[in-house]
Amino acid sequence: GPAPVCPLSEKPTRSLGVCLRPSRTPTGPPVSASLAPFTRHPPAEVPSRCIFQVFVPFVRLRLSHFPSDNPRMGTLIGVYLPCLQNILGVILFLRLTWIVGAAGVLGSFLIVFLCCTCTMLTAISMSAIATNGVVPAGGSYYMISRSLGPEFGGAVGLCFYLGTTFAGAMYILGTIEIFLTYISPGAAIVEAEAAGGEAAAMLHNMRVYGTGTLALMALVVFVGVKYVNKLALVFLACVVLSILAIYAGVIKTAFSPPDVPVCLLGNRTLSRRGFDVCAKVQAAGNGSAPTALWGLFCNSSTASSSCDPYFVQNNVTEAQGIPGVASGVLLDNLWSAYADQGAFVEKRGAASVPVPEEERGAGRLPYVLADITTYFTLLVGIYFPSVTGIMAGSNRSGDLRDAQKSIPAGTILAIATTSFIYLSCVLLFGACIEGVVLRDKFGEALQGKLVVGALAWPSPWVIVIGSFFSTCGAGLQSLTGAPRLLQAIARDGVIPVLQVFGHGKANGEPTWALLLTALICETGILIASLDSVAPILSMFFLMCYMFVNLACALQTLLRTPNWRPRFKYYHWTLSFLGMSLCFALMFICSWYYALFAMLIAGCIYKYIEYRGAEKEWGDGIRGLSLNAAHYALLRVEHGPLHTKNWRPQVLVMLNLDSERRVKHPRLLSFTSQLKAGKGLTIVGSVLEGTFLDRHAEAQQAEENIRALMGTEKTKGFCQLVVSSSLRDGMSHLIQSAGLGGMRHNTVLMAWPAAWRQGDSPFSWKNFVDTVRDTTAAHQALLVAKNVDLFPQNQERFSDGNIDVWWIVHDGGLLMLLPFLLRQHKVWRRCRMRIFTVAQVDDNSIQMKKDLQTFLYHLRISAEVEVVEMVENDISAFTYEKTLMMEQRSQMLKQMQLSKTEREREAQLIHDRNTASHSAAAARTQAPPTPDKVQMTWTKEKLVAEKHRSKDASVSGFKDLFRLPVSRRNQSNVRRMHTAVKLNGVVLDKSRDAQLVLLNMPGPPRNRQGDENYMEFLEVLTEGLNRVLLVRGSGREVVTIYS
């Protein structure tokens, strides 16, 4: 019926004709919408008049889901026959007999078995991947890239593309070889000029004809791919008929072997292109006359002419080239007969009289010679392309009725069929054909006939014509498939330089990709030798298969929830075995080609990693990284960190402006200079408000921070917190940033330059409370003052100093920071200077020597200078009358301890640091005790540590950087006096320094003195360009021990 008239607020559906109210319509897609693509039939209860309305959108959906003209192909037509056509081809007809002759039946059986096992294991892995969801166009590239990530996917996809392209060149060369050698030898354009030049002339002819054939095939593919697909079954029929003719010929040899005579001189095979009669003389009238063979070996046809010595000493005999399957020739062909280039093809066991010092193959003597040096690994490389083509089914997954059922069954059945054909052909060729005929690659002993053709029944032309058309078809298929593969890679956008090849004609045909494919294919044709091109494409296919196996093994071992293949007959050990076999075969075929192919893949991988677009495909490499990170985090969780492994793991506190942009970007520059990409960096920031109200702004702020981290090349993590107050947010970050053992131990923040301004009354309070939080959390604190004057990563200091003012021993952090900074290019040319403050009555010379010794043992190079000040000028740095310098002098004297005491002392430091973790919780419940400065241990402290009571203080010295509470007025005046005096000394020595590092005193316990504390720090650092205030965590961070 007609669609109902609905109010404006309601929308009619297209199929069922009902009105849906917006208030009742769910925001997400309904379940029925998710199931719609898998619905086959309309429900039975729908009335017949409604079926059309329901079915039309369904058909439209099905056609868009399956872009092929025929989306109903089953296993046989869609997978089995295409795989069969792609696997069987040129090597079977042109090279398998020669491989059997050279490697022997056993060696050839091993070669075929290895290659077929490799493809079978790969097919099992591929079936698992292909049935784990829908595989769209792109086939193997899609499977690998979605399983291993864009870097591996792009690298292996391009390798597979190059392999397919070179396969096209190999098929075209095979087509031309069949045409020029067996169909029309007189069609050669280039003739041999000198003796022995036939091989070179043949290569030139291959280049000329191959280029023309390639241009013709590319034109056919460009004009209409549909014609190529329609002819595919015709080409497959040619292959099947040819194989059936071979089997028929083998059966016929059992009771009626064909008459295929082979002429031998001694034990050497003769080429029958220049003579007919296999004898030295023949009857003529009442006497005898020399034959044409005599004329080839002698300089005249008379009996007294000068002849070749070997011709004179040996008899000419005729042997049966195809004795038949019942002749027992199999035993003679079991073992290998590898030969060097130019060697004679000799019959084993035949009588022969050797001639000394003979020039091998000299002149135009009609011997059959080995055209290349043969050995096992070479034959593996030449044979392997004959088992490729197993991806043909997965490439057509969109055209199949049930891809997840058809791909495994069709592919594995096709490999089983072709493996049987190859293995049986190896045995049958060895059982039927004489060894010298097998090793005669171009059939010269058979008057230039194809060796397999001589075995076939009813006629050799069945094989010749069949193999010609099958290689033509395979070449066309390669030129059709390779551009589409390149187009799929280009459209994925993982390799920016290839994006132009993603475009094509209006109907989507890849024109530019076809052009590039033809150019690469031409390079293979210019090589001109089938035996040289075959190992090249073997490498690329083997690399592709290796990564298919790796993808399956990785997904199985990681047990990702999405890994649910319908194909159940797989195991990670099979995939791992297949991957190992592929890797081994690569180096067996040709180690230098293997290295070259891996270099190409590596370069593509690094290019995609460097320039490619970021893709998140849920790949296995990401899962592997997560598993490795989880394992590593669990490992570093156990036990405290040893002093030797300490490095600043930095939490960078960033402030954001009203537009949620970073106020001080140079803070990130300084972070990357300090870290140089090593260790943990967490970039934290706080937004004031509630998360529900400001989550969108938080996302934008996080994106801004990440963008700035990329610009400044800061490698780390971003953590943004939305909190009701800035104070609480910063406290939360200090407490909870990081994960497990990967937690920060150092906080880096900028000095609040506007702390005096009235519009930000709480800025200095937040700052002082953050200092207190870091102290409570036993974390080091770095405060960068005048941070906007700090250098960017692109700047370079050609000269200058990094000055360290070492007033309190903070565990060595002051020493370590300049060393880390000088590892970066910005600070590399700066010199490190260490200033320390002494009383007038101290032994400054001895103190300088002790400090130099200490630095020498720390393996840090720096200039040392001792600055003398009156005790009253620096009394604010002490709580009692005794100066810090006395304690530091004692620390330096520890260098004179005995070795046993030193080791005991180091262990005590380590144990004490370990114990501080467990004691932290107890301390929070007890009343706050004065913090202790972590001093380096001396003999006196070692004794005191053993005998001290629990209630007594650890040492007689309070925190010298704690500002006192009592007699506040006098102490404020004294502190300002200290700040002014110390600032004057620092300015005098370090005014021109590129960076000044200063000990940062702790805040007062009484919060009423916070503002005076800020004034003290301001006065202390006044007039300096770049200042880094450092407050150590109280733990040793450098050690003199290895």
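Note that the structure is a prediction, hence the values are computed from the model and not measured. (Residues numbered from 1 in each chain as written. Predicted model: local features only at pLDDT ≥ 70, side-chain atom pairs only at ≥ 80, totals over all residues. Heavy atoms only, no water.)

Brief notes about the packing of helix 18 (residues 530-558) against helix 20 (residues 591-611)
Piece 1. Helix 20 packs onto helix 18 with a crossing angle of 50° between their chain directions and a minimal axis gap of 10 Å. Here helix 18 is positioned oblique relative to helix 20, judged by the angle of their axes. When the axes of helix 18 and helix 20 are compared, the crossing they make is right-handed. Residues Ser532, Pro535, Ile536, Met539, Phe540 and Met543 of helix 18 touch helix 20, and the partners they reach there are Tyr593, Ala594, Ala597, Met598, Ile600 and Ala601.
Piece 2. Its residues placed into classes, the contact of helix 18 with helix 20 shows 11 nonpolar, 1 polar and no charged. (Axes fitted to C-alpha atoms, helices over the stretch in contact; angles between N-to-C directions. Helix = DSSP H or I, 4+ residues; strand = E, 2+ residues; numbered from the N terminus. Parallel < 35°, antiparallel > 145°, perpendicular 65-115°, else oblique. Left-handed = near helix turned anticlockwise from the far one by under 90°. Contact = heavy atoms within 4.5 Å. Nonpolar A, V, L, I, M, F, W, Y, C, P; charged D, E, K, R; others polar.)

Some details on the state of the cysteines
Piece 1. Enumeration over the complete set of coordinates arrives at 2 disulfides.
Piece 2. One disulfide bridge connects Cys263 with Cys278, the sulfur atoms lying 2.0 Å from each other. Because the sign of the S-S torsion sets the handedness, a value of about 85° for the bond joining Cys263 and Cys278 places this disulfide among the right-handed ones. Here Cys278 lies in the loop between strand 4 (268-269) and strand 5 (281-284) and Cys263 lies in strand 3 (residues 261-265), a separation of 15 residues in the sequence. Considered together, Cys263 and Cys278 belong to a single accessibility category, that of buried residues.
Piece 3. Paired through a disulfide, Cys298 and Cys307 show a sulfur-sulfur distance of 1.8 Å. Given an S-S torsion of about 105°, the disulfide between Cys298 and Cys307 has right-handed geometry.
Piece 4. The exposure class assigned to Cys298 is buried, which follows from its relative accessible area of 8%. (Disulfide = S-S within 2.5 Å. Buried < 20%, exposed > 50% of the residue type's maximum accessible area, 1.4 Å probe, protein only.)

Digging into helix 12 (residues 376-383)
Piece 1. In terms of burial, helix 12 is a largely internal element, 6 of the 8 residues being buried.
Piece 2. Those residues of helix 12 that fall on the buried side of the exposure criterion are Leu378, Leu379, Val380, Gly381, Ile382 and Tyr383.
Piece 3. Buried positions along helix 12 lie against helix 4 (90-94), helix 5 (96-130), helix 13 (403-432), helix 18 and helix 19 (572-589).

Considering the sheet that holds strand 16 (residues 995-999)
Piece 1. Across the sheet, which stays open at both edges, the 10 strands sit in the order 10-9-8-11-12-17-16-13-14-15 with mixed pairing between neighbours. In this open sheet, the two edge strands, each paired with only one partner strand, are strand 10 (717-723) and strand 15 (863-868). Going across the sheet, the axis of each strand differs from the next one's by a mean of 20°, ignoring polarity.
Piece 2. Two strands pair when backbone bridges link them, and strand 13 (residues 801-806) and strand 16 are joined in this way by 4 bridges, in the parallel orientation. Along strand 16, the bridge assignment pairs Asp803 with Val996.
Piece 3. Helix 22 (residues 666-675) rests against strand 8 (650-654), strand 9 (681-688), strand 11 (746-750), strand 12 (780-785), strand 16 and strand 17 (1027-1031) of the sheet, and its axis sits at about 170° to strand 8.
Piece 4. Those strands touched by helix 27 (residues 844-858) are strand 13, strand 14 (831-838) and strand 15, and its axis lies near 150° from that of strand 15. (Pairing = 2+ DSSP bridges.)

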